Amino acid sequence: MDRENSPARSDSSPENETPHEVGWRFDNSYARLPELLYSRATALRFPGPRLIRLNSSLADDLGLDFRGMDETSLARIFSGQELPPGAEPIAQAYAGHQFGGFTMLGDGRALLLGEQLARDGRRFDIQLKGSGPTPYSRRGDGLAALGPMLREYIISEAMHGLGIPTTRSLAVVTTGAPVYRERTLRGAVLTRVAASHIRVGTFQFVAARRDESALRQLADYTIARHFPEIEQAGLPVEAKYLEFFNEVCRRQARLVSRWQMVGFVHGVMNTDNVSLAGETIDYGPCAFMDSYHAHTVFSSIDEQGRYSYGNQPAIAQWNLARFAESLIPLLAAQPEAAVEIAKESLHQFAADYQEEWLAGMRAKLGLTTPREGDRELVSLLLEWMQDSAVDFTNTFDDLSTRGEFVASPYHDSRFQGWLTSWRKRIGLEQRVFEEAQAMMRQVNPALIPRNHRVEEALAAAESDDLRPFNELLVALRLPFERTESLARFREPGPAGACYRTFCGT
Ligand code: AMP
Ligand code: MG
């Protein structure tokens, strides 16, 4: 089996390359796993695919060069009408707890073309989303509309700009076919790039089928692909699978704490939307919050607030508990023993998350050496922010940029009191205030994809004006830059506006 870091199989040395070679180097290691994990599938025939967007800098990272290809050929490739050499398209099977209820699922509207091996040997899934029905489509049409695909493009690329692990977006193509939702919409296909599409739900699927041999193969595959250091440690088997579980937990702790630092609300943290590689995946009803409130929810169907901002860490732990359940046969000979072991790891997750969160918040406030009372200092700020409904991103930006004494536009005494404590606390660090602020500007973004700007870009794109979309993407590429020309991307939307996002579109 091939591994993420194994030496490249067929090095394309420069002398072998013709001038217009794109650089596809596909492997299909997932398609060599037990057959219950996927189905072979093909894309629907589309009447008139048209290229809307190609991410050239990502292509470059992948070792791909499309400059010798015309837009028609690109549109055919990125809508699945033509396959890159070496692609073996499959739809992956998985299950998932959706809003708490368990369902057998699978790629209902996606195709994994294969794994592109980049020049440095790294392996990336190349997946088409919106390419037509598969054996897992259930009652769905297998299609996607332009708006949501462009939305995933914007938010995933913004996450990447913020330095948060995420799937990426390589291309968007309109299909020329309509998609019927509440309205008739333009069909589109997004090309998604991921470390892999192995999810908690992938393990749940195999566990539900009670195929222990497949479960072990999937676990070994995932370890080799994403955690080669565990494989190399030469642990006894049960210890190896426990370390695997622990490492997945650590990556989730890190990931979710990073979301909290930028006010990102995923919106649909079902177990099928949890990537074991630790990337943010599946941008449906997600959004960044403007004014701070722990109960912030954007998804129109999340009436209970299950996936609200403040609930994300607890939900991550709940999802990891479901992952642990699916691993029970691998963790110990006796299920009871396995459950005890997993419980301990889940406690550790909570502790790790708290540590990641506090370290992240310290950095946001320009603090490096931990001190007693830091957690309270952060909590007091957040409580004030919530009560005052101030903008999350801009408050931290203000703290990072405004002078020490004329510190803020917020004049209430509660905030002034907090500011005094904060300044005192910074005084205990071995650096001057300006140095602390310079550090803060590295971690507190000036730019996030503001909901009204995203909607504006999507609305224009709908009527074939891609300028706002392109401008927004350029701005979001460097979210820590504080240039005057980008100021309009930093304003929150109209106060009190209740932003709603929709999934399954
Ligand atoms: P999501 O809420 O996007 O994570 O999707 C949940 C499940 O529904 C996944 O298995 C998707 O593949 C499937 N799905 C979503 N939209 C469609 C659609 N239009 N047609 C078929 N399957 C879909
Ligand atoms: Mg999903």
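Position numbers for residues count from 1 along each chain, tracking the sequence in the order it is written. Throughout, the order in which chains and ligands are written sets their labels, letters from A for the former and numbers from 1 for the latter. Per-residue local features are limited, in this predicted model, to residues with pLDDT of at least 70; the limit for side-chain atom pairs, both in listing and counting, is 80 or more; totals at the level of whole chains, interfaces and linings are taken over all residues. Think of the side-chain values as coming from all heavy atoms in the structure, minus any hydrogens and water.

On to the side chain of Lys129. Helix and strand assignments follow DSSP, with helices taken as H or I runs no shorter than four residues and strands as E runs no shorter than two, numbered in order from the N terminus. Relative to the helices and strands, Lys129 is located in strand E8 (residues 123-129). Think of it in three bands: with a 1.4 Å probe and only protein chains considered, a residue is buried below 20% of the maximum accessible area for its type, exposed above 50%, and partly exposed in between. On the accessibility criterion, Lys129 (6% relative accessible area) is buried. One polar contact links Lys129 to Glu152, side chain to side chain, over a distance of 2.7 Å. By the criterion applied in these results, polar contacts are pairs of N or O atoms within 3.5 Å in which, for protein atoms, one can donate a hydrogen and the other can accept it, and in which residues neighboring in sequence qualify only through two side-chain atoms.

Let us now look at the domain arrangement of the protein chain. Each assigned domain of the protein chain is listed here: domain 1 (2-9 + 16-197), domain 2 (208-362) and domain 3 (381-440). The contact criterion used is simple: two residues touch if any of their non-hydrogen atoms lie within 4.5 Å. On the side of domain 3, eight residues touch domain 2, which itself brings 13 residues to the contact. Within this document, salt bridges are pairs made up of a side-chain nitrogen of Lys or Arg and a carboxyl oxygen of Asp or Glu, the two lying within 4 Å of each other. Across the domain 2-domain 3 interface, the total number found is zero salt bridges. Linking domain 2 with domain 3 are four residue pairs in polar contact (both at pLDDT 80 or more). For the side of domain 2 that touches domain 3, the secondary-structure elements that each account for two or more residues are helix H7 (237-262) and helix H9 (335-364). Among the elements that take part in the side of domain 2 that touches domain 3, H7 stands out by supplying three residues, more than any other. Either an automatic procedure or a domain database provided the assignment from which the domain bounds are taken.

Sodium, potassium and calcium take a 3.2 Å donor cutoff, other metals 2.8 Å, and in both cases only N, O and S atoms count; water is not among them, so sites may look incomplete. Note on the magnesium ion (ligand 2): its protein donors are Asn273 (OD1) and Asp282 (OD). The metal-donor distances range over 2.0 to 2.2 Å. Given a relative accessible area of 18%, Asp282 falls into the buried group.

A few words on the nonpolar core. Core analysis: the biggest nonpolar cluster contains 122 residues, and Tyr30, Phe203, Phe244, Phe323, Leu399 and Trp422 have the highest contact counts within it. Among residues more than four places away in sequence, those in contact with Phe244 are Phe203, Ala219, Thr222, Ile223, Phe227, Ile230, Leu276, Phe323 and Leu327. Counting 29 residues, the second largest nonpolar core, distinct from the first, contains Leu62, Phe78, Ile126 and Ala177. Only buried Ala, Val, Leu, Ile, Met, Phe, Trp, Tyr and Cys residues count toward a nonpolar core, and they belong to the same one when joined by side-chain atoms within 4.5 Å.

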